[in-house]
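# Notes for the structure review
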Amino acid sequence: MDFRGILDRLKARQAPGLVGSDEPRAADPADKKDKGRAGDPFLWVEAQALPRFLELCRDDERLRFECLIDLTATDPSKDDPNLHVVVQLLSLAFRHRLMVKCTLPKAAASMPSSVPVHRAAQWHERECGEMFGITFTGHPDPRHILLPEDWIGTPLRKDYVFPDEYHGISCK
Amino acid sequence: MGLLEQQFEENVLTTKVDWLINWCRLQSVWPMTFGLACCAIEMMAVGCAHHDIDRFGAGAFRASPRQADLMIVAGTVNFKMAERIKRLYDQMPSPKYVIAMGACATGGGPYYKYGYTVVKGVDRVVPVDVYVAGCPPRPEALLEGLMKLQEKIQQSSVIRRPARTA
Amino acid sequence: MAESTATTEREFMLDVRTQDMEVNMGPQHPATHGVMRILMRADGEICTGAQPHLGYLHRCAEKIGENVEWLQYLPYTDRYDYLAAMNNNLGYSLAVEKLMGIEIPRRALMIRTICAELNRIGSHLIAFGTYGLDIGAFTPFLYMFREREWMMALFEKICGARLTYSYIRIGGVFNDAPPGWLSEVERFCDVFEEKWQEYVDLLMVNHIFVQRTANIGVISPAMALDFGLSGPMVRGSGIDWDLRRDMPYELYAEIWKAGAFSIPLGKGERGALGDCWDRAYVRVMEMMESIKIVRWCLDSIAPGPVIADIPKTLRVPAGEAYVGIENPRGELGHYVVSDGGKVAVRCRVRGPSFTNLAVVEELMPGTLIADAVAIIGSTDIVVGETDR
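So, here's what we can say about the structure.

Bringing the overall build of chain C into the picture now. A count of helices and strands for chain C gives 17 helices and 8 strands. Its C-alpha radius of gyration of 23 Å places chain C within 12% of the 21 Å reference for a compact globule of 388 residues. Taken along the three principal axes of its C-alpha coordinates, chain C extends 85 × 45 × 35 Å. For chain C, with 388 residues in total, the buried portion stands at 56%.

Written as structure tokens, this is what we have:
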């Protein structure tokens, strides 16, 4: 199915948390500032409803997104008060992909964990959590995975300050 | 060596004995399997038939640091690994040598500027004898590094008292 | 008589108090395929729990992607899966080209496919050789380096580097193949077909190897999908999925339609379906399929430009795109976000080894410690990709 087909199906099934969609568009000739958007279409979903949304995507017989390929986040800019959590889904049965995005406020970055729906989310959420400072409630094992256990700071946020030294070894 | 180490004054006899001991040591420097990243693949290539490190006597890669003379730090060192490198270096018995292979081990490599967890050179953690440049260095470059290390071993004073500088 | 000794023995065993021992495997270990640490709990020889610890090679690739320009990021892509560097370059270039919407010249597509498939062979050779080394067979490791050295010499002739190429660039490839290169690739294919049979006879059907890997680390199809596995990990369990055929990129749709290659699947020939032997078998068979793809490209290649017109300071149109390609280890995904500037806003790398490794935590309990090495070897991870 193409993106429009998937979106229609989700709307027909009243997918929990579905807020809207964003598709690539050409530059608007009337507006000089609008340069358009390239790339892939994606859906906006509410962060707190993400696990239920993923469960519907996995179980619906016309969608069948069995595989959670990636779960990560983006910090759009230093001034933006929100983080975007990005999920890539893949269906082997129907050979289609879906990109899902959620917004989370940086000040209160907490959302439910998707581990009960896809075991693949376990390590992706651990990495996302330590890099962006997002808390996934209900995650069975939220330790640091790539960074040292006592690392201070969330490196992939845009306002991250590189440390000066760690355990006596200089960082400069 | 223990009791005899660096006890004797430098004369014709002790120089010859030192030459023999150093010659024996440099012909069989056994490395530890310590490949960290991409340079490890070039180290494996050095160990294999095409570039054969065994003809230098260094072909017996030991897994345990307690049986190794040489630690070839092949790859990027980061903070999590640095503590383990120090511990492994301490576990190696003397005389021990370290070759920093590749740009990352020498000075942080391509991760120098924006790598927040990368140690900018393994010499901040352990003392290094030879630096081999490259990203990754060709196997021939690593062999040249080994030969430089052998020249360095040849200069060391085992039973002679080391020459006083000025 | 036999029964009473058995009962007394059991009573003795119940009387002896034992404690599970926590054994540390790595980060410096000859069989962990890099710097990875597995904290194992062992009850005698049986592993009762395994917890992988990563991060010993975390090199901040994603932070670097947000700070260097688009073209400057290319050398960093080589270094995550350093055994298949061409494929990494390809994945990143495809993601950026998707945002740019440019067309790649046909000769560039051909050369890219040849390089990617040759690198796939090189990567599977290392997987095969080091797997033998882990199990205890030293000879296949030395034999496979023979072909790998030739492959690296071919790449050195085309781009100057042996391991980290930065050859497949945004818009095409860096430079054209030197004269004589294509005929040398053809000679390589001819020789490799003979040597491939040697590899199968030496290790794959070897009785000891089969005993060490059959019925070990069985991954069921449901488990494979739940863990988001990809590549030989799912094909070894019988799931017929390969991004080159099912979600084609570059020239693969054309090559598949021409019937040039097939997708080998695990069939449970030597043990349960989805065991370590099946995964190793899939990798060895895939080497032959890559040779067929290379031969198709050699037959169809024609002279022409090798790179599209890309400015030195690239500004990529605003937007975001995800492209997943079939790396030798699985699905390598690049998710790039651009705001129209010189530097990416986000450059996410979805490494297949990271996702594939998670299944080890599930497979190891209940096996012998010696089988733990076989299971890790069959996942074919590269720690540069696990940690990025």
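A word on the overall build of chain A. Helix and strand counts for chain A stand at 3 helices and 10 strands. The order of helices and strands in chain A, counted from the N terminus, is α-β-β-β-α-β-β-β-β-α-β-β-β. Classification of the 172 residues of chain A by burial places 40% in the buried group.

Another point: the interface of chain A and chain C. Opposite the 30 residues of chain A that make contact, chain C presents 37 residues. Only strand S2 (38-39), strand S4 (67-74), strand S5 (82-91) and helix H3 (121-132) of chain A provide two or more residues apiece to the side of chain A that touches chain C. Ranked by residues supplied to the side of chain A that touches chain C, first place goes to S4 of chain A with 6 residues. Among the residues making up the side of chain A that touches chain C, the classes are represented as 17 nonpolar, 6 polar and 7 charged. In this structure, S2 of chain A lies alongside strand S6 (residues 319-327) of chain C, joined through 2 bridges in parallel fashion. Pairing of Ala38 of chain A across the sheet is with Gly319 of chain C, part of S6 of chain C.

Where burial is concerned, most of helix H16 (residues 369-379) of chain C is hidden: 9 out of the 11 residues are buried. With its phi angle positive at about 50°, Asp380 of chain C sits one or two positions after the end of H16 of chain C.

What follows is about the environment of Leu89 of chain A. All names here are of chain A. By the element assignment, Leu89 lies in strand S5. Along the backbone, Leu89 and Leu71 are 18 residues apart, and their C-alpha atoms lie at a distance of 9.0 Å. Look past the residues within four positions of Leu89 in its chain and what remains in contact with it is Cys57, Phe65, Cys67, Leu68, Ile69, Arg97, Leu98 and Val100.

So, about the interface of chain B and chain A. The interface is formed by 8 residues belonging to chain B together with 9 residues belonging to chain A. Partitioned by chemical class, the residues of the side of chain B that touches chain A number 5 nonpolar, 1 polar and 2 charged.

Let us now look at the sheet that holds strand S3 (residues 46-53) of chain C. Residues and elements named next belong to chain C. Read from one edge to the other, the open sheet built from 3 strands follows the order S1-S2-S3, with strand pairing classed as antiparallel. Looking along the sheet, the strands with just one partner apiece sit at the ends: strand S1 (21-25) and S3. The average angle at which neighbouring strand axes cross in this sheet is 25°, direction not considered. Inspection of the sheet shows strand S2 (residues 37-43) paired to S3 by 7 bridges, in the antiparallel sense. The partner of Arg37 across the bridge, within S3, is His53.

Its location among the elements puts Ala358 of chain C in the loop between helix H14 (352-357) and helix H15 (360-363). Residues Ala358 of chain C and Leu118 of chain C lie 240 residues apart in sequence; the distance between their C-alpha atoms is 28 Å.

With 220 residues, the main nonpolar core has Leu89 of chain A together with Met71, Val73, Val77, Ile99 and Met101 of chain B as its most contacted residues. When near neighbours in sequence (up to four residues on either side) are disregarded, Met101 of chain B contacts Cys39, Met43, Ile72, Val73, Ala74, Val132, Pro137, Leu142 and Gly145 of chain B.

Rules used in this analysis
- Residues numbered from 1 in each chain as written.
- Chains lettered and ligands numbered in written order.
- Predicted model: local features only at pLDDT ≥ 70, side-chain atom pairs only at ≥ 80, totals over all residues.
- Helix = DSSP H or I, 4+ residues; strand = E, 2+ residues; numbered from the N terminus.
- Rg over C-alpha atoms; globule rule 2.2 N^0.38 Å.
- Buried ≥ 20, exposed ≤ 12 C-beta atoms within 10 Å, placed from the backbone.
- Contact = placed C-beta atoms within 7 Å.
- Nonpolar A, V, L, I, M, F, W, Y, C, P; charged D, E, K, R; others polar.
- Pairing = 2+ DSSP bridges.
- Axes fitted to C-alpha atoms, helices over the stretch in contact; angles between N-to-C directions.
- Core = buried A, V, L, I, M, F, W, Y, C linked by C-beta atoms within 7 Å.

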